[in-house]
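Commentary on secondary and tertiary structure
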Amino acid sequence: MPNKVLRFFFILLWFLPAVMTFFQLDSYSVTTVVVIFLFNLSYYLYNPRFAFTKKFINIFIIVVCGILIHSVATSLYFNLSFDLIRNILSIPFVCIMLVGAYNFSKVILATDGKSITKLLHSFFYFYLGFVALSFVIPTFIYSKPIFPYPEPSHMALFFGPIVGYLVIYSKTEKKRFYFLFAGIVVALIVKNMTLLVTMVILAVFVYHIYVVPILLIGGAGIYFFADIEYFLSRLDFKNMQSTNNLSTLVYAKGFQLMEEGLRMSDGLGIGFQQLGFVDVRTEIGDYLIKVLDGLELNSRDGGFTAAKLVAEFGIVGILVIATYLYYLVKQWFCFKKLSLNSISAQDALFYASIITIFSEIFFRGIGYFTATMFLFFSVLFMRSLMKNKLKNIK
């Protein structure tokens, strides 16, 4: 597949879902899957052969059959309250996303590092432009939009992997510090805890831990310590019934959704894509409905992806999260052995994705079918293909 086609689909994947959601024309999930589907069609126009590794086929069968079996079990458990149509229609989304991620991994592997860097470098400055424009364009129906994102935390999820890649792939310490420092300053300017946490995790992963307070103090100093109270309010979980910070309430609600989902299903989970449809009542959720005159915030995404996984898949969801954490720690030790001056673009993208997806899983999620989650699976498949390639050479 030509680099121009890859760039075209990467741009579509990264920005079109946000634009469609911003103007309330469609959701992140549907638009993302449509773009992936179109990418698959284009991929097979250039590569007519359906070539999959045995490992991918096994993963595909395990994931799809696992979801089907779990869906049957949960539909029988919850009976009438289970939205079977939503569940069934979501399974082809999983198939499209997995196949697309595998195909995308092969394209990335075949793309030269210069092209990847040039694209993500331009993305970085586009995001800085979006942040600057957010202070001059109308807010429309959103309280704190950063066009084309309805809220800063959405931008943080997409901006994070870009900064991560540039920090890891940069060949000089000065450039690495510049990109990381810019990410922290942006987080302080737009007042977004998700992006700030992402940058801190990235700093811990790439540097020694002592650099974190230096970066935070420096970034806060540039912004004259503005609205530090906002960030402190995000960390206050003591007075849930009196706080005005909706983000804190939504985040705390996610933990209650996990607890209630496990309790009412006896650890089974309420079912794939059932959050917001099977009635899971929480104390904070009821409080939010009362305060917002009947409006339910983040009822389908759980606030963060871990909440959605555990509420919908129960014990299996907990095992998936534990597996990711184990894999992240394992890769951290592998990363420490690498020389950043000689790291490949593909390895940099791999580490950037597995590090920054942490924020989506544990701090702010927008569902399973997102461009960042697609990139995460793509780099996992890419890593597997890279290992197979090394084995064949040996």
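Please read these numbers as outputs of a predicted model, since none were measured by experiment. Each chain has its residues counted from 1, following the order in which its sequence is written. Restriction of local features to residues with pLDDT of at least 70 applies here, the model being predicted, together with a cutoff of 80 or more for giving and counting side-chain atom pairs; totals for whole chains, interfaces and linings are based on all residues. By convention in this description, side-chain values take in all heavy atoms of the structure and omit both hydrogens and water.

Things to note about the overall build of the protein
Inclusion rule: By definition, any uninterrupted DSSP run of H or I lasting at least four residues is a helix, any uninterrupted run of E lasting at least two residues is a strand, and each is numbered from the N terminus. Burial here depends on accessible area, computed with a 1.4 Å probe over protein chains only, as a share of the maximum for the residue type. Under 20% is buried, over 50% is exposed, and the range in between is partly exposed. Any two residues whose heavy atoms approach within 4.5 Å are treated as being in contact. Accessibility throughout is a Shrake-Rupley quantity obtained with a 1.4 Å probe, and a residue counts as covered only by protein chains that appear here.
Counting its secondary structure elements, the protein contains 16 helices and 0 strands. Counting over 394 residues, the protein shows a buried share of 55%. Put simply, of all contacts in the protein between residues at least 6 apart along the chain, 78% involve residues at least 24 apart. For the protein, the exposed surface amounts to about 18,600 Å²; the carbon and sulfur share of it is 69%.

A few points about the packing of helix α6 (residues 152-169) against helix α8 (residues 193-206)
Heads up, the rule is: Axis definition: a line fitted to C-alpha atoms, over the contacting stretch in the case of helices. Angles run 0 to 180 degrees between N-to-C directions. Our angle categories are set so that under 35 degrees counts as roughly parallel, over 145 as roughly antiparallel, 65 to 115 as roughly perpendicular, and the remainder as oblique. Handedness of a crossing follows from how the near helix is turned relative to the far one, being left-handed for an anticlockwise turn of less than a right angle and right-handed for a clockwise one.
Contact geometry of α6 with α8 gives a least axis separation of 9 Å together with a crossing angle of 20 degrees. One finds that α6 runs roughly parallel with respect to α8. Judged by the twist between their axes, the crossing of α6 over α8 is right-handed. On α8, the residues touching Ser 153, Met 155, Ala 156, Leu 157, Phe 159, Gly 160, Val 163, Gly 164, Val 167 and Ile 168 of α6 are Thr 194, Leu 195, Thr 198, Met 199, Leu 202 and Val 206.

Structural notes on the nonpolar core
The condition that has to hold: In this description, a nonpolar core means a group of buried Ala, Val, Leu, Ile, Met, Phe, Trp, Tyr and Cys residues linked to one another through side-chain atoms lying within 4.5 Å.
Judged by nonpolar contacts, the single largest core of 109 residues is most densely connected at Trp 14, Tyr 127, Met 155, Phe 158, Tyr 165, Ile 168 and Tyr 351. Leu 257, Ile 270, Leu 275 and Val 278 belong to the second largest nonpolar core, which has 9 residues in total.

A word on a positive patch on the surface
Put simply, the rule is: Only residues whose relative accessible area exceeds 30% and that form no salt bridge are eligible for patches; like-charged ones are grouped when within 9 Å, while nonpolar side chains (Val, Leu, Ile, Met, Phe, Trp, Tyr) are grouped when within 5 Å. Any Lys or Arg side-chain nitrogen found within 4 Å of a carboxyl oxygen on Asp or Glu counts as a salt bridge. Charge convention: Lys and Arg are scored as positive, Asp and Glu as negative, and His as well as the terminal groups of each chain are ignored. Throughout, a charge is located at the NZ atom of Lys, the CZ atom of Arg, the CG atom of Asp or the CD atom of Glu.
There is a patch of like positive charges on the surface, built from Lys 4, Arg 7, Lys 114 and Lys 118. Of all elements in the fold, only α1 (3-22) and α5 (113-133) reach the threshold of two or more residues within the positive patch. Mapped onto the fold, Lys 118 is located in helix α5. Residue Lys 118 is classed as exposed on the basis of its relative accessible area of 67%.

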